[in-house]
Amino acid sequence: MKACCVAIIIGWGFSLPAYGQSVEDARTFRAGAATSVITPAIGTSINGGMQDRQVKNVHDETHARAIVLDDGSTRLAIVVSDLCMIYRETLDKAKERAHELTGIPVKNMMMSATHTHSAGTACSVFQSDPDPEYLELLSTRIADAVVRANENSVPAKIGWGVGHEPSQVFNRRWKMKDGTEITNPFGEGDQVKTNPGVGNPNLLEPAGPIDPEVPVVSVKSAGGDHIALLANYSLHYVGGTGAGEISADYFGMFADKMAGMLETEHQTPSFVGIMSNGTSGDINNVDFTGEQHTVSGEYGQMQYVANVLAAETYKVVQNMEYRDWISLDAVQQEIELGVRLPATEDIERAERIVDKAEGPDMESLEEIYARETLLLSEYPERKSLILQSFRLGDLAIAAIPCEVFVEIGLELKDKSPFDSMFTISLANGYNGYLPTPEHHALGGYETWRARSSYLEVEASEKISREVLGLLGQLKQ
């Protein structure tokens, strides 16, 4: 998966046992999958906006979607939840509950959020705060998905491959023509503009690349029924929902579409399709040149994106080779990183702005980020976070608890000791955006100091170094 210019579909053969395992030594490989409903209550908060919103209706239920894999000696659990982001503390509670009920080690559980912007609030970001009862429900229901997937485990076979879909990903950070004024909420000038507007006459060029790959892991029962599918795409949410409506965005629509295309609608236990968020911190679904095909109307564009990705994923699955057994492994590392705390003069400026605001809600970007400055001033100087990597045979999956910039994901693929690997973002917690130092120097929304972007400027380099170290351990 290293090169972006690969053919449309790549499959890896499985003619030899992995890591010196002889055929005689091979044990039974098992897998199970399940979902658990995590839809929030009407009247509670929706994550994903500068202003808080309340749930008025439910367009489609949101879920925690889980896969459990078992090579006979090691079990791994992968859970992807329809949430914008989720606290590490909530996931830690879910892991402990799942461990108590299944025996799966906590370090062998990878739990992430999709980043849909139309789900229940599970983190305090900008002016949205979670309902404590909803956090309790999440820790229970996410654990339940693991437990149910474990109970559904049957003899299975597994395969993986990668598709290529460049048409739905666009770098949303743009360099603008000379003379274009770009002022941030702190009264300073930026060198790039995030989401500059379709057809903006001052557009110069995107400030970064895209990752068009669609990695796919597929699990079937020994009898050939599709159990689950895990895909990954480096694309933010699509959006376009009804006001106050809950939706899993294209991530959920993709799961439903795959169930139909693989003809699993009446299967028991139910097939579980999963689309995880890749490294999409600076990527969205808007072509600012105005040349992209779009679908008008509520939910139209997200359905279109889901259909395009499902079609590409289906082609990968049709050309996939499955193996009856692979070995599994998991490693993780907890690291501490510095926090970009505001200086005394930043706090004093923020206090003046908030005092002048009519309130209680902050309206302008200047007011919103002044409030964020005051909240961030109460943060500790350092934050602890979990980095994690799984090995599925000779496929590696990295997990980072941030909105990871695409450059970082591409570098990890390029430098990984595994020929095939991908990264799941917003995994095992939430620590804001993860730009590179070069993007910090350019400025732009993703770098603006707030609870949504607070790690030290060198965080991406330190995280990448640690992740590559974990991948190296797995390769050995």
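Residues numbered from 1 in each chain as written. Predicted model: local features only at pLDDT ≥ 70, side-chain atom pairs only at ≥ 80, totals over all residues. Heavy atoms only, no water.

Observations regarding the confidence of the model for the chain
Step number 1: On average, residues of the chain carry a pLDDT of 94, and 95% of them reach 70 or more.
Step number 2: A low-confidence stretch, residues 1-25 (pLDDT under 50), is modelled with 63 contacts involving residues beyond four sequence positions or located in other chains. (pLDDT = per-residue confidence, 0-100. Contact = heavy atoms within 4.5 Å.)

Side note on the layout of surface pockets
To find the voids left in a structure, one rolls a probe of water-molecule size over its atoms.
Step number 1: Computed from the structure, the largest pocket encloses a volume of approximately 730 Å³.
Step number 2: Around the largest pocket, the lining comprises 40 residues; the ones closest to its centre are His-117, Arg-172, Asn-195, Tyr-237 and Tyr-445.
Step number 3: When residues of the lining of the largest pocket are assigned to their parent elements, the largest contribution, three residues, is made by strand 12 (residues 192-194).
Step number 4: For the lining of the largest pocket, the class distribution of residues is 16 nonpolar, 18 polar and six charged.
Step number 5: Its volume calculated, the second largest pocket comes out at about 280 Å³.
Step number 6: Lining the second largest pocket are 18 residues, and of these Tyr-87, Lys-383, Tyr-430, Asn-431 and Tyr-454 lie nearest its centre.
Step number 7: For the lining of the second largest pocket, the secondary structure elements donating two or more residues are helix 1 (88-102) and strand 20 (382-392). (1 Å grid on protein atoms, 1.4 Å probe; cavity = no way out; pocket = protein on both sides within 12 Å on 5 of 7 lines; lining within 4 Å. Points joined across faces, edges and corners; volume = space filled by probe spheres on them. Helix = DSSP H or I, 4+ residues; strand = E, 2+ residues; numbered from the N terminus. Nonpolar A, V, L, I, M, F, W, Y, C, P; charged D, E, K, R; others polar.)

Some details on the sheet that holds strand 21 (residues 395-399)
Step number 1: Taking strand neighbours across the sheet as the criterion, the four strands line up as 19-20-21-23 in an open arrangement whose pairing is mixed. The open sheet is flanked by strand 19 (328-338) and strand 23 (420-424), the only strands paired with a single partner. The average undirected angle you get between the axes of adjacent strands in this sheet is 15 degrees.
Step number 2: As judged from the five bridges shared by strand 21 and strand 23, these two strands associate in the parallel manner. Bridge pairing in strand 23 places Ala-396 opposite Met-421. (Pairing = 2+ DSSP bridges. Axes fitted to C-alpha atoms, helices over the stretch in contact; angles between N-to-C directions.)

A few points about the nonpolar core
Step number 1: In this structure, Leu-138, Ile-142, Ile-400, Leu-434 and Ile-463 are the most contacted members of the largest nonpolar core, which totals 67 residues.
Step number 2: The greatest single-element share of this core, amounting to eight residues, is contributed by helix 2 (residues 132-151).
Step number 3: Excluding residues that lie within four positions of it along the chain, Leu-434 makes contacts with Ile-400, Cys-402, Glu-403, Val-404, Phe-405, Ile-408, Leu-455, Ala-459, Ser-460 and Ile-463.
Step number 4: Among the nonpolar cores identified, the runner-up in size contains 31 residues, and Phe-29, Ile-274, Ile-397 and Phe-422 belong to it. (Core = buried A, V, L, I, M, F, W, Y, C linked by side-chain atoms within 4.5 Å. Buried < 20%, exposed > 50% of the residue type's maximum accessible area, 1.4 Å probe, protein only.)

What to know about a negative patch on the surface
Step number 1: A cluster of acidic residues, Glu-345, Glu-348, Glu-351 and Asp-355, forms a negative patch at the surface.
Step number 2: As for its placement among the helices and strands, Glu-351 is situated in helix 5 (residues 344-356). (Patch = residues over 30% accessible without salt bridge, like charges linked within 9 Å, V, L, I, M, F, W, Y side chains within 5 Å. Areas by Shrake-Rupley, 256 points an atom, 1.4 Å probe, with all protein chains shown as cover. Salt bridge = Lys/Arg side-chain N within 4 Å of Asp/Glu carboxyl O. Lys, Arg positive; Asp, Glu negative; His and termini not counted. Charge placed at Lys NZ, Arg CZ, Asp CG, Glu CD.)

Regarding the sheet that holds strand 12
Step number 1: Pairing is antiparallel in the open sheet, where three strands are placed in the order 12-11-13. Lying at the two open borders of the sheet, with one neighbouring strand each, are strand 12 and strand 13 (203-206). The average undirected angle you get between the axes of adjacent strands in this sheet is 40 degrees.
Step number 2: One ladder, built from three bridges, connects strand 11 (residues 173-176) with strand 12; its direction is antiparallel. Within strand 12, the position partnered with Trp-174 by the bridge is Lys-193.

Things to note about empty space enclosed by the protein
Step number 1: Considering all chains together, one arrives at two cavities of 30 Å³ or more under this definition.
Step number 2: Empty space within the largest cavity amounts to approximately 50 Å³.
Step number 3: Lining the largest cavity, in full, are Ile-67, Leu-69, Ile-78, Val-217, Val-219, Leu-230 and Leu-392.
Step number 4: Of all the elements in the fold, those that place two or more residues in the lining of the largest cavity are strand 6 (63-70) and strand 14 (213-221).
Step number 5: For the lining of the largest cavity, the class distribution of residues is seven nonpolar, no polar and no charged.
Step number 6: As a volume, the second largest cavity reaches approximately 40 Å³.
Step number 7: Forming the boundary of the second largest cavity are Asp-211, Asn-232, Ser-234, Gly-278, Thr-279, Gly-409, Lys-413, Phe-422 and Thr-423.

Considering the pattern of salt bridges
Step number 1: For the structure on display, the rule yields 17 salt bridges.
Step number 2: As a salt-bridge pair, Arg-449 and Asp-346 come within 3.8 Å of each other at their nearest N and O atoms. With Arg-449 in the loop between helix 8 (437-442) and helix 9 (459-475) and Asp-346 in helix 5, the pair connects residues that are 103 residues apart, well separated along the chain.
Step number 3: The residue Lys-462 makes a salt bridge to Glu-456 at a minimum N-O spacing of 2.8 Å.
Step number 4: Since its relative accessible area comes to 31%, Lys-462 is described here as partly exposed.
Step number 5: Salt bridges here are not isolated pairs; linked through shared partners, they connect Arg-88, Asp-92 and Glu-334.

Some words on the packing of helix 7 (residues 406-415) against helix 9
Geometrically, a packed helix pair is captured by the angle between its two axes and the distance between the axes.
Step number 1: The N-to-C vectors of helix 7 and helix 9 enclose an angle of 30 degrees; their axes lie 11 Å apart at closest approach. What the angle tells us is that helix 7 and helix 9 run roughly parallel. Handedness of the helix 7/helix 9 crossing: right-handed. Contacts from Ile-408, Glu-411, Leu-412 and Lys-415 of helix 7 reach helix 9 at Ser-460, Ser-464, Val-467 and Leu-468.
Step number 2: Residues belonging to the contact of helix 7 with helix 9 are distributed by class as follows: four nonpolar, two polar and two charged. (Parallel < 35°, antiparallel > 145°, perpendicular 65-115°, else oblique. Left-handed = near helix turned anticlockwise from the far one by under 90°.)

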